[in-house]
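Chains, contacts and geometry: an overview
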Amino acid sequence: MTAAPRPTTCVLGRLAGGRVALCEIGGDGEPGPRQEFDEERLAEVVAGHEAAGTPRWVWSDTATWYPGLLAAGVRVERCHDLRLVHTILQHAAAVTDGAALRAATAWETGPVVPAEGRPPAATLFDVAPAAGSAVPHDLEETLAEHARQQAAIASAADPSPLRLLAAAESAGGLVAAELQAAGMPWDVVEHDRILAEQLGPRPGHGQPPARMVEVGAQVRTALGDPMLSLDSPPRVLKALRRAGIDVSSTSQWELAEHDHPVIEPLLRYKKLSRLLTANGWAWIDEWVHEGRYRPVYLPGGVVTGRWASNGGGALQIPRQLRPALRADPGWMLVGADVSQLEPRVLAAMAGDRAMADAGRGKDLYSGIVEAGVVATRAEAKVAVLGALYGSTTGDAGRLVPRLRRTFPRAMALVDEAAATGERGGTVHTWLGRTSPPPGPEWAAVQTRGGVVDATTADEERARRAGRDRGRFTRNFVVQGTAAEWALAWLADLRLRLSRIAPVPEEHAATASGPALGNRPHLAFFLHDEVIVHAPREHAEEAAQAVRDAADAAGRLLFPGSPVDFPLDLTITERSAK
DNA sequence: ATATAACGCGCG
DNA sequence: AAAGCGCGCGTTATAT
């Protein structure tokens, strides 16, 4: 068996006058001759190289370059996204020689300006500056930044985790663009049916739905306040207190503590109000077009490396509306989520054999019960979440110490991360994404709390800020490494799906676009969950790809680890629950 | 009048 | 049921 040939590296950049250039990097790391061409030929040129040998494309920003290619029917296998990788390397503790990289401030971008959920631009760069980011796109800048990033990675004592992270993050960029291009197949009839079932039929513009009118009247009656506006929490709060209900806010968990005839209708009203304002008919009108909901995904949008999204609250779609996610005719949805991803990732990082055993092949929480740590699954879950989040009070505070006895290695890892954070230090994920350092304000609070004439209040403030930061760094290592596992899963999965045979043109999911609509493709991603949209005849094959990719992700990040990552997987026409 | 903060609640 | 982490977004209240 011979090693696969290392893919060639092709750098893309803009030139003056709407021209584009491609430059291949040789085995010695030196850029070769520049091949110039008109922008209109970009898709054709990329497709040609892709067919010839799947190079790694190096470009300024996937969100800028890739949507146009997808719209032209061109997928790429792999890339290196300079914007995403710059953000990681800038603060990476493993990078010992990053001065040049950090000096290149043009690559320090804020949040990406979203493309407003529009369908991908017909041609590259013809969208207003609205889409993509502000990083430089021209060829020489691109080459220079690529060289800086290679040098920065090479300066690490062990560059391989950072190389893996750069590849995974870049693959995430490709997936994000592909998710937006494909969109979520959205059944507006089902969505409307769910809304009508809860709220009553769609009311006229500016009118409240019938059910909210009824339930609102019940609330006002129960409070004896016929004019009360239920949409103003402060007014509702005053009314509740007038009615003798001792609450300090109108949040549902506090309301639920009390026994009064107003509680039930008020909670019901809040639920209806939330559904209407967040995902009501206005949401459908704004976000669903031609059977697709196309949010903007922002890889690396969260400090821990998790994704954020923009447009319609894609990562917060209520489970209630999941049935509106429905496959095209003749297609199926393959939905899979990882059971207890974060604690499993922790067990793998820490090499905690006992925790690996507790989860192997089964529900991790049940395994913890069987190990005799706690009596019930609910307790196990509270304890584990408490360990990951740094709970010190209530049930979690009582249960976490038991975990510490049975899983000392796992607990030592998160406890150490917390201690480092409390001291003002930084921590990093398995592949080397480093937590942001504390800001100047945090440091000032610590200084003020530590001087000889500090007041008790100063000391308490400093201790509290320390503990707050400790909980952040404690969670950072686990949440961030779980995000890396998920990236590896996505990256491997998209390649497996791309190798499944295409369906004939007449069976294609045309709304998913020319590059993706003819074979199984990702339609949704949410931290530890994917949904693949697949032709019925290839759904089983796609499901196996999802499973195989999960196994591959575990092996890639944690070679030889006894920790497994079981999936809950279903093949259905519409998303359940 | 408009920008910002705070709240509350949806998701993991 | 919330608590302990990370978010986005629509709302009202408050500051400018």
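The structure presented is a predicted model; accordingly, all values stated were derived computationally and were not measured.

**A word on the protein's contact with DNA strand C**
In the vicinity of DNA strand C lie 26 residues, with Ser232, Trp253, Gly311, Ser391 and Arg471 positioned nearest. Between DNA strand C and Gln316 there is a distance of 2.9 Å, counted from a base nitrogen to a side-chain nitrogen or oxygen. Looking at the surface near DNA strand C, the elements that each hand over two or more residues are helix H11 (263–279), strand S10 (308–310), helix H16 (377–389), helix H17 (394–406) and helix H20 (456–498). Broken down by element, the residue count for the surface near DNA strand C peaks at 4 residues, all from H20. Tallied by class, residues from the surface near DNA strand C come to 9 nonpolar, 12 polar and 5 charged.

**A short note on unusual backbone geometry**
A positive phi angle, near 40°, is found at Thr54, a position not held by glycine. Tracing the sequence through the fold places Thr54 in the loop between helix H1 (42–53) and strand S4 (56–59). Phi angles above zero are rare outside glycine, and Gln340 is one such case at about 45°. A relative accessible area of 13% means that Gln340 is categorised as buried.

**Observations regarding the protein's contact with DNA strand B**
In the vicinity of DNA strand B lie 18 residues, with Gln252, Lys270, Gln316, Arg319 and Asp528 positioned nearest. Sugar and phosphate atoms form 79% of the subset of DNA strand B atoms that lie within 4 Å of the protein. One of the side-chain N or O atoms of Gln252 is found 2.9 Å from a phosphate oxygen in DNA strand B. Gln316 has a polar side-chain atom sitting 3.0 Å from a base nitrogen of DNA strand B. Every element with two or more residues in the surface near DNA strand B is listed here: helix H10 (252–255) and H11. Ranked by residue count, the leading element in the surface near DNA strand B is H11, at 3 residues. The residue inventory of the surface near DNA strand B, partitioned by class, reads 5 nonpolar, 7 polar and 6 charged.

What counts as what
- Residues numbered from 1 in each chain as written.
- Chains lettered and ligands numbered in written order.
- Predicted model: local features only at pLDDT ≥ 70, side-chain atom pairs only at ≥ 80, totals over all residues.
- Heavy atoms only, no water.
- Near = heavy atom within 4 Å.
- Polar contact = N/O pair within 3.5 Å; in protein donor to acceptor, adjacent residues only side chain to side chain.
- Helix = DSSP H or I, 4+ residues; strand = E, 2+ residues; numbered from the N terminus.
- Nonpolar A, V, L, I, M, F, W, Y, C, P; charged D, E, K, R; others polar.
- Buried < 20%, exposed > 50% of the residue type's maximum accessible area, 1.4 Å probe, protein only.

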